[in-house]
Amino acid sequence: MEQARPDTSVALIVGVTGLTGLSLVEALKNPTALHRPWKVYGAARRPMPDGFPSSLLDRYITFDVLNYENTSKELSPIAHEVTHVFWVPYQLRESEEVNISMNLMMLTNVLQVLKSAVPSRLRHLTLQTGTKHYMGPIFDPSLANQLVHHESPFQEDVPRLPYPNFYYALEDLVASESSFTYSVHRSSIIMGASTRSIHNTLLTLSVYATICQHQGLPFRYFGNRYTWEHFCDMTDSRVLAEQHIWAAVTGKAKNQAFNCTNGDFFTWKSLWKVFCEIFGVPFVDFDGTEKFDIAAMIKDKGKVWDEIVEKHGLQKNTMEEITCFDALSTVLNFEFQHVSSMNKSREFGFFGFANTLKNIPVWVERLKEMKIIP
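Residues numbered from 1 in each chain as written. Predicted model: local features only at pLDDT ≥ 70, side-chain atom pairs only at ≥ 80, totals over all residues. Heavy atoms only, no water.

- If you check an unreviewed UniProt entry, the protein chain appears there as PRISE-like Rossmann-fold domain-containing protein from Tripterygium wilfordii.

As structure tokens, this is what we get:
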């Protein structure tokens with residue numbers, strides 16, 4: 001295998017097949033990318049999915065990041081080359097204490113292999129977290145009803161909440177390291193294209209709208225009136241990738257945490273109209289008189305989705321594998337505006353942005369090109 005030149009930046013993207021991983025690969029291999037040239041290694045637990053631009057990677061590595069022996073075996077051959085780690089994977093279970101244990105183990109295993117390389121060239125690690133930093137473990141059923149969140153817009157310098165949070169644990173781990181610098185990237189709801197992401201709002205709504213169109217069903221909103229009418233924000237995975245790379249090569253961004261959103265806001269009512277236009281389903285206004293039970297509606301739609309997959313020759317993904325209705329229901333029933341401030345990021349020199357509603361059709365088209373939806 002060709003070795004990287006001493007002046008080459010060598011990226012290891014852990015979790016490369018996820019929403020941000022795909023955009024990171026494409027951004028790093030873009031001719032205008034910062035700090036060229038980049039050599040890019042991608043790592044994930046499973047074989048590469050269909051539709052992934054494998055030709056952009058210099059090498060794809062599979063290993064179980066929870067298993068140190070397997071991680072060491074597969075990662076050691078290139079460990080001495082890696083200069084930058086882009087950390088975008090996570091494990092998610094119901095218990096936040098379990099999340100802390102598993103996610104710490106993953107990052108610890110990789111860092112142990114990279115730091116033990118002779119010589120170790122590791123200079124910077126970008127750590128992706130999210131707005132759960134400001135809300136607490138909202139998906140832990142034992143804690144969710146006790147949480148008190150920060151006021152929005154969320155800002156990076158607010159104190160930590162008094163709840164267990166694997167984001168905090170990962171931040172503490174990288175901050176304790178003295179042999180390399182780090183940056184933290186707190187995204188909002190990520191919009192992008194992948195079948196390997198635990199929480200993929202865009203794909204979940206696309207599958208839902210496709211099933212409604214296929215069966216002639218109303219595309220009903222399954223949140224509350226507050227979120228229907230109030231502001232929320234999102235993070236285009238391309239903006240997030242740009243911020244990762246910017247922080248990795250910008251001196252004053254070192255050892256800092258940054259929110260990352262598109263820089264605009266939307267209401268779920270306006271987003272719902274966009275999906276109706278894309279998928280050709282009638283817009284149903286939210287009247288709030290009766291709570292729509294999406295779980296009951298969707299529970300028997302797995303076979304319907306299988307029929308759609310077969311009819312259109314799509315990737316063989318089950319509905320359950322690529323949707324997150326429970327998590328999205330939690331978000332759509334917030335009683336506060338889910339928005340983050342981008343002031344710090346701009347003050348430090350990052351000016352990436354995206355038009356959320358305008359970019360939704362772009363990503364839906366990408367999902368179609370990848371044969372994930374028809």
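Structure shown, so let's carry the discussion forward.
**Quick word on helix α6 (residues 201-215)**
Next up, step 1: Compared with an ideal rise of 1.5 Å per residue, which puts 15 residues at 21 Å, α6 spans 21 Å between its outermost C-alpha atoms and is within 8% of the ideal.
Next up, step 2: Counting buried positions over the 15 residues of α6 gives 12, a clear majority of the element.
Next up, step 3: Regarding α6, the residues found buried are T201, L202, L203, T204, L205, S206, V207, Y208, A209, T210, I211 and C212.
Next up, step 4: Where α6 begins, the capping side chain belongs to N200, and its oxygen is found 3.5 Å from the backbone nitrogen of L202.
Next up, step 5: Just downstream of α6 lies G216, where phi reads positive at about 70 degrees. (Helix = DSSP H or I, 4+ residues; strand = E, 2+ residues; numbered from the N terminus. Expected span 1.5 Å × (residues − 1). Buried < 20%, exposed > 50% of the residue type's maximum accessible area, 1.4 Å probe, protein only. Polar contact = N/O pair within 3.5 Å; in protein donor to acceptor, adjacent residues only side chain to side chain.)

**With respect to the side chain of Q315**
Next up, step 1: For Q315, the location among the structural elements is in the loop between α11 (302-312) and α12 (319-322).
Next up, step 2: Q315 sits in the buried class, given a relative accessible area of 9%.
Next up, step 3: Once residues lying within four places of it in the same chain are set aside, the contact partners of Q315 are D50, G51, T195, V309, M370, K371 and I372. (Contact = heavy atoms within 4.5 Å.)

**Comments concerning the packing of helix α2 (residues 68-79) against helix α3 (residues 96-115)**
Next up, step 1: Put simply, α2 and α3 touch, their axes get as near as 9 Å, and they point 40 degrees apart. Taken together, α2 and α3 sit at an angle that is classed as oblique. Remark: the crossing between α2 and α3 carries right-handed chirality. Here Y68, T71, S72, L75, S76 and A79 of α2 come into contact with α3, specifically with N109, V110, Q112, V113 and L114.
Next up, step 2: Taken together, the residues that form the contact of α2 with α3 break down as 6 nonpolar, 5 polar and no charged. (Axes fitted to C-alpha atoms, helices over the stretch in contact; angles between N-to-C directions. Parallel < 35°, antiparallel > 145°, perpendicular 65-115°, else oblique. Left-handed = near helix turned anticlockwise from the far one by under 90°. Nonpolar A, V, L, I, M, F, W, Y, C, P; charged D, E, K, R; others polar.)

**A look at helix α5 (residues 166-175)**
Next up, step 1: When you tally the buried positions in α5, you get 8 out of 10 residues, the bulk of the element.
Next up, step 2: Looking only at α5, the buried set comprises F166, Y167, Y168, A169, L170, E171, L173 and V174.
Next up, step 3: For α5, the elements touching its buried residues are α3, β5 (124-130), α4 (132-135) and β6 (181-187).
Next up, step 4: The backbone nitrogen of Y167 has a side-chain oxygen 2.9 Å away, supplied by the residue at the start of α5, namely N165.

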